[in-house]
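Read off the chains here:
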Amino acid sequence: MANTGYGKRPAGDEDPYADPDFAHLIPRDAEIAVFIDHLEEGHAMGYKAIAAAHPRYGQQAVRVSLGRITAAGHLRWIREHITVEDNSMRWVTRTYWSRTRRSAEWWENFARERHGKDVTEHYFPGLTRVEEEADAEVVAEAEQVAAEAAADIEREEPVAEQPSAAYQALAEAGAVDGRMPLSDGDCRSLEPLAAQWLAHGASPQDITKALTDGLPPAVDNPGGLARNRLERKMPPKKAKIRQKAGRRAQVTRVLMVCGLCDADERTTEITHGLCRECMAEIETEGPVVFYGAVPDTFLPGPRESGGLEGADEVVDVTERVDALRRAAGLTSPKGRNR
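Residues numbered from 1 in each chain as written. Predicted model: local features only at pLDDT ≥ 70, side-chain atom pairs only at ≥ 80, totals over all residues. Heavy atoms only, no water.

**What to know about the pattern of salt bridges**
- With the rule as written, the count across this model stands at 15 salt bridges.
- One salt-bridge network, in which partners are shared between bridges, spans Arg28, Asp29, Arg68 and Glu285. (Salt bridge = Lys/Arg side-chain N within 4 Å of Asp/Glu carboxyl O.)

This is the structure we're talking about:
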């Protein structure tokens, strides 16, 4: 399986399963297409991952077949530019699969419809496959600040490490109540417990209050009492509530990507889901099958007895046309034309 948010994604609005779904492909391509069609949504779609899972074909065979399946109209790679309301931006490459054969125009329209989509529920900020982007001025300013900070560090004398918030909260107990003077050793020993309090959503003041409220008249072992109270009064971990406000993600640009070399429309021409170089590569194994319409009627050839060419009567070839449409994947089992 691919990382969460990536891998095989259905293009949607597909016809039911039928035997002629991939009849227009050569046997190896058809077999790999059926194999991909039955993979779970989210399965990795790289040729290496598919070859590792397929029992018969290796990486090169799968790579070429993926290219031919793409050109035939079943597969597309689309690069989506995601902009989040916290002003972060990134490119994400999605893989869309369609059991139903689609024309190049259909895929282009599908990509255009992705533009402007709200993808908040499907946005995973830690899984970017392509470069992250930022405003050039912001980058320049950040680099300048970093350079100045580095220069300042070189000029300044080394300073002692600042104590953590957990350590400071423990040390504050003695100042709030003289019966709880915690030594440096006590604070360092109890620091992990205090840090756990802070991780659960408590404030430093909550820690100090828990250590000083309701103390007995005399405290013989402040460190032991502090440990007992920190362990016994540990607050429950607060559930993290997802704040959608300010994190809404939207597709702000869409590019078609070559299915074999990962180049996109910014650097090369993409035709039928492939660049020219990759299209030429897969054509070395034979003619590539593209999406094409089947004519509604056919005229028979000239009669053996002669006669004017084209003067023959038009014959009813409905059954033949229906068979051809089914074989080409242009008619659903219910007879609905696409």
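**Some details on the confidence of the model for the protein**
- Residues with a pLDDT of 70 or more make up 70% of the protein, whose mean pLDDT is 76.
- Within the protein, no element has a lower average pLDDT than strand E4 (residues 132–133), which sits at 38, and none a higher one than strand E7 (residues 274–275), at 94.
- In the predicted structure, residues 239–246 sits below a pLDDT of 50 and forms 6 contacts with residues beyond four places in sequence or in another chain.
- When the criterion is pLDDT under 50, residues 293–315 qualifies, and its contacts beyond four places in sequence or with other chains add up to 21 contacts. (pLDDT = per-residue confidence, 0-100. Helix = DSSP H or I, 4+ residues; strand = E, 2+ residues; numbered from the N terminus. Contact = heavy atoms within 4.5 Å.)

**Focus: empty space enclosed by the protein**
- Under the criterion given, the structure shown has 1 cavity of 30 Å³ or more.
- If you add up the space inside the largest cavity, you get close to 30 Å³.
- Together, Leu25, Ile26, Asp29, Arg68, Pro287, Val288 and Val289 line the largest cavity.
- Its residues assigned to classes, the lining of the largest cavity shows 5 nonpolar, no polar and 2 charged. (1 Å grid on protein atoms, 1.4 Å probe; cavity = no way out; pocket = protein on both sides within 12 Å on 5 of 7 lines; lining within 4 Å. Points joined across faces, edges and corners; volume = space filled by probe spheres on them. Nonpolar A, V, L, I, M, F, W, Y, C, P; charged D, E, K, R; others polar.)

**Here's the deal with the packing of aromatic side chains**
- In total, this model carries 5 aromatic pairs according to the counting rule given.
- When the ring of Tyr96 is compared with that of Phe110, the centres are 5.0 Å apart and the planes differ by 75°; the resulting orientation is edge-to-face. A residue pair is termed long-range when its members are at least 10 positions apart, and Tyr96 in strand E3 (residues 89–97) and Phe110 in helix H4 (residues 104–114) qualify at 14 residues.
- Taken together, a centroid distance of 5.0 Å and an interplanar angle of 90° make the contact between Trp106 and Trp107 edge-to-face.
- Through successive ring pairs, a cluster of aromatic residues spans Tyr96, Trp106, Trp107 and Phe110.
- It is Arg102 that lies over the ring of Trp106; its NZ or CZ is 4.2 Å from the centre. (Phe/Tyr/Trp six-rings, centres within 6.5 Å; stacked < 30°, edge-to-face > 60°. Lys NZ or Arg CZ within 6 Å of the ring centre and 35° of its normal.)

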